[in-house]
Amino acid sequence: MKKIILIICAGIPVVIIISYFLISTTKILQCQTSVNATRAAVARKMLYKDQWQRWWPGQKLNDTTYRYQDYYYVVNKILLNGAQITIVNQNNSVKGFLKFEDYGLDSTQFTWASNCLYSSNPIKRFSEYFRLIKLKKNVKGFLKGVNRYFDNQENVYGMKIGL
């Protein structure tokens, strides 16, 4: 019994030290999805804030703040190829960029990218690491919702397009 407790007590610091060095101080969070709509059609919906409520998969709270699940997305700036957005959850925030660009002849790719810095404190680094995993899951869900909207031709073009 004493050996088991000794192994556990000695093993926990070893696991923490090894994990500390395996989790880098910076992490790039990047998620992508492609939709079957031209970049010009996507830009018509993305560049005008009055259109955002139509394609946003969550809830609009005000002109700059939207909600998806338990996260708040604050739109800082809309640019010609995307938007600078801060994701806020409780006391934590991550700045990122939602970009859309040509992806083939008739498709557009959405990319969410953000650079996350981890603390040098090992306990905080672990909690930040697991928080980033939850954030990535939320962003992937958000992009799936964006994909559902923009893959529907009637949403994007106002009619069904076919041969």
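Note that this is a predicted model, so its numbers are computed, not measured. (Residues numbered from 1 in each chain as written. Predicted model: local features only at pLDDT ≥ 70, side-chain atom pairs only at ≥ 80, totals over all residues. Heavy atoms only, no water.)

With respect to the layout of surface pockets
Estimates place the volume of the largest pocket at around 210 Å³. Asn92, Ser93, Val94, Arg131 and Leu135 are, among the 13 residues lining the largest pocket, the residues nearest its centre. At the level of secondary structure, the elements contributing two or more residues to the lining of the largest pocket comprise strand 5 (82–89), strand 6 (92–102), strand 7 (108–117) and helix 4 (122–150). Of the residues forming the lining of the largest pocket, the biggest block, four residues, is contributed by helix 4. A breakdown of the residues in the lining of the largest pocket according to their chemical character gives eight nonpolar, three polar and two charged. (1 Å grid on protein atoms, 1.4 Å probe; cavity = no way out; pocket = protein on both sides within 12 Å on 5 of 7 lines; lining within 4 Å. Points joined across faces, edges and corners; volume = space filled by probe spheres on them. Helix = DSSP H or I, 4+ residues; strand = E, 2+ residues; numbered from the N terminus. Nonpolar A, V, L, I, M, F, W, Y, C, P; charged D, E, K, R; others polar.)

Structural notes on the packing of aromatic side chains
Each aromatic ring pair is described using two quantities: the centre-to-centre distance and the angle formed by the ring planes. Taken as a whole, this structure holds 14 aromatic pairs when the rule is applied. Ring centres of Trp56 and Tyr73 lie 5.3 Å apart, and the angle between their planes is 75 degrees; this geometry places the pair in the edge-to-face category. Pair noted here: Trp56 is in the loop between helix 3 (49–55) and strand 2 (59–60) and Tyr73 is in strand 4 (residues 71–79), with a separation of 17 residues, a long-range link. Of the two residues examined, Trp56 and Tyr73, each falls in the buried class. A centroid spacing of 6.3 Å and a plane angle of 45 degrees characterise the contact between Phe100 and Phe110, whose relative ring orientation is tilted. Pair noted here: Phe100 is in strand 6 and Phe110 is in strand 7, with a separation of ten residues, a long-range link. Like Phe100, the residue Phe110 is buried in the burial classification. Taken together, the ring pairs in this structure connect Trp52, Trp55, Trp56, Tyr66, Tyr68, Tyr73, Phe100, Phe110, Phe142, Tyr149 and Phe150 into an aromatic cluster. (Phe/Tyr/Trp six-rings, centres within 6.5 Å; stacked < 30°, edge-to-face > 60°. Buried < 20%, exposed > 50% of the residue type's maximum accessible area, 1.4 Å probe, protein only.)

Here's the deal with the side chain of Lys45
Residue placement: Lys45 occurs in helix 2 (residues 39–46). In this structure, Lys45 is buried with no salt-bridge partner, the nearest side chain bearing the opposite charge being Asp50 at 9.4 Å. The residues touching Lys45, leaving out its near neighbours within four places in the chain, are Gln51, Trp52, Arg54, Trp55, Tyr149, Phe150, Asn155 and Val156. (Lys, Arg positive; Asp, Glu negative; His and termini not counted. Salt bridge = Lys/Arg side-chain N within 4 Å of Asp/Glu carboxyl O. Contact = heavy atoms within 4.5 Å.)

Comments concerning a positive patch on the surface
On the surface, a cluster of positive charge is contributed by Lys27, Lys136, Lys140, Lys144 and Arg148. Checked against the element boundaries, Lys27 lands in strand 1 (residues 26–35). (Patch = residues over 30% accessible without salt bridge, like charges linked within 9 Å, V, L, I, M, F, W, Y side chains within 5 Å. Areas by Shrake-Rupley, 256 points an atom, 1.4 Å probe, with all protein chains shown as cover. Charge placed at Lys NZ, Arg CZ, Asp CG, Glu CD.)

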